[in-house]
Amino acid sequence: MPLEARPDKAARYSVLVVSTHDVARSVAAQALLLATVGDADISVARAGSRAIAGQPPAERMRTLLQARGLEPAEATSTPLTAPMVRDADLVLAVARENRAAAVSLAPDAVRRSFTLRELARLASLLASDGLGDVPADADVRARLSLLVAGAPLARTRAVRSPEDDDVAEPRRMPGYRRALAEIDDAVAAIVAAASSPRTTKPAPPIPSRDLSTPQ
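Residues numbered from 1 in each chain as written. Predicted model: local features only at pLDDT ≥ 70, side-chain atom pairs only at ≥ 80, totals over all residues. Heavy atoms only, no water.

Engineer: What exactly am I supposed to notice about the overall build of the chain here?
Structural biologist: Of the regular secondary structure elements, the chain holds seven helices and four strands. When the helices and strands of the chain are placed in sequence order, the string is β-α-β-α-α-β-α-β-α-α-α. Here the chain holds 215 residues, and 50% of them are scored as buried. Taking contacts inside the chain between residues at least 6 apart in sequence as the whole, the part at least 24 apart equals 81%. When the accessible surface of the chain is totalled, it reaches about 9,800 Å², and 55% of it is carbon and sulfur. (Helix = DSSP H or I, 4+ residues; strand = E, 2+ residues; numbered from the N terminus. Buried < 20%, exposed > 50% of the residue type's maximum accessible area, 1.4 Å probe, protein only. Contact = heavy atoms within 4.5 Å. Areas by Shrake-Rupley, 256 points an atom, 1.4 Å probe, with all protein chains shown as cover.)

Engineer: Can you help me understand the sheet that holds strand S3 (residues 90-93) in this one?
Structural biologist: Hydrogen bonding along the main chain pairs the strands of a sheet, whether they run parallel or antiparallel. Spatially, four strands are ordered S2-S1-S3-S4 in an open sheet, and the strand pairing comes out parallel. Two strands bound the open sheet, and with one partner strand each, they are strand S2 (42-48) and strand S4 (113-115). Taking each pair of neighbouring strands and ignoring which way they run, the sheet shows an average axis angle of 25°. Strand direction decides the pairing type here: strand S1 (residues 13-19) and S2, joined by seven bridges, are parallel. Each bridged residue has a counterpart across the sheet, and for Tyr 13 the counterpart in S2 is Ile 42. Relative to the sheet, helix H1 (residues 25-37) contacts S1, S2 and S3, its axis offset from that of S2 by approximately 180°. Contacts from helix H4 (residues 96-105) reach S1, S3 and S4, with the element oriented near 165° to S4. (Pairing = 2+ DSSP bridges. Axes fitted to C-alpha atoms, helices over the stretch in contact; angles between N-to-C directions.)

Engineer: Just checking my understanding: could you explain the pairing of S3 for this structure?
Structural biologist: Sheet faces and side chains relate simply in a regular strand, where the side chains alternate between the two faces. Residues Leu 90 and Leu 92 point to one face of S3 and Val 91 and Ala 93 to the other, with burial holding for every one of them. Note: S1 against S3, four bridges, orientation parallel. For Val 17, the partnering residue across the bridge sits in S3 and is Leu 92. Pairing of S3 with S4, which is carried by three bridges, proceeds in the parallel orientation. In the sheet register, Ala 93 faces S4, and the bridge partner there is Thr 115. Note that the unit made of S3, H4 and S4 has a crossover that is right-handed. (Right-handed = clockwise from strand over helix to strand, strands pointing away.)

Engineer: What is the right way to read helix H2 (residues 59-67) from this model?
Structural biologist: An α-helix turns once per 3.6 residues; consequently, residues spaced three or four apart project the same way. Listed as buried for H2 are Met 61, Arg 62, Leu 64 and Leu 65. Taken end-on, H2 shows its buried residues confined to a sector of 165°, consistent with a single buried face. With respect to the buried face of H2, the exposed residues turned more than 90 degrees away are Glu 59 and Ala 67. Where H2 is buried, its residues touch H1 and helix H7 (173-195). Looking one or two residues past H2, Gly 69 carries a phi angle of roughly 85°, positive in sign. (Arc of directions from axis to C-beta.)

Engineer: Honestly, the pattern of salt bridges in this entry has me stumped. Any pointers?
Structural biologist: Oppositely charged side chains can pair when the atoms bearing their charge come close. Following the criterion strictly, the structure yields nine salt bridges and no others. For Asp 22, the salt bridge identified is with Arg 46, shortest N-O distance 2.8 Å. With Asp 22 in the loop between S1 and H1 and Arg 46 in strand S2, this residue pair connects regions lying 24 residues apart in the sequence. A single burial state applies to Asp 22 and to Arg 46, both of which are buried. Where Glu 74 meets Arg 62, a salt bridge forms, and the shortest distance between an N and an O atom there is 3.3 Å. Of the two residues, Glu 74 is situated in the loop between H2 and helix H3 (82-87) and Arg 62 in helix H2; the sequence distance between them amounts to twelve residues. A residue is classified by how much of its surface remains accessible, and Glu 74, at 56% relative accessible area, is exposed. One salt-bridge network, in which partners are shared between bridges, spans Glu 59, Arg 62, Glu 71 and Glu 74. (Salt bridge = Lys/Arg side-chain N within 4 Å of Asp/Glu carboxyl O.)

Engineer: Hey, could you run me through the side chain of Asp 22 in this one?
Structural biologist: Given the relative accessible area of 0%, Asp 22 is considered buried. A distance of 2.6 Å separates a polar atom in the side chain of Asp 22 from a polar atom in the side chain of Ser 26. Non-local contacts of Asp 22, meaning those with residues more than four positions away in its chain, are made with Val 27, Arg 46, Ala 47, Gly 48, Ala 51, Thr 76, Ser 77 and Thr 78. (Polar contact = N/O pair within 3.5 Å; in protein donor to acceptor, adjacent residues only side chain to side chain.)

Spelled out as structure tokens, the structure:
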């Protein structure tokens, strides 16, 4: 059965990244996504399930991103709201608790809400299947829409430890480096699946990592 994408509400495909405080992990995910798909008619916003409005991006994450040649958005932290979740075509949470917070605000978004690392694994599976009936010459926006539509069907094929779905909240610089590496891996797998024609090999699966925060 062909996969069906969510009907478009606007010209641009909207992605909402959700973390807890909206100052570190969501900042990294937004920057990496914009660097790879920001010119593909895709918008990327961010918010925090327990964010305090107006907080600047964490300086440690900003430093790591700048070392990669990426400049995080200057936008300050934004508390997550139900309209944000309802209006997003894709909700990408950095951890399960953040996905749960988003879905609790807008239950209808449950099938288009994932953690970054979860969608990365599902994307690799769906890429190996050719992303359903999406044409090989479809653009990134169309392929991402079909990826999101098909991902819930692939969940039973990607059984992993629940903790593997989380990017741990960083505390010290080693934790920030680990968080950035995990977010980078996940974004790369998702973008690879959404950017490549069906004849391209899928991105390798994301390895399981120890998510404990170093002290």
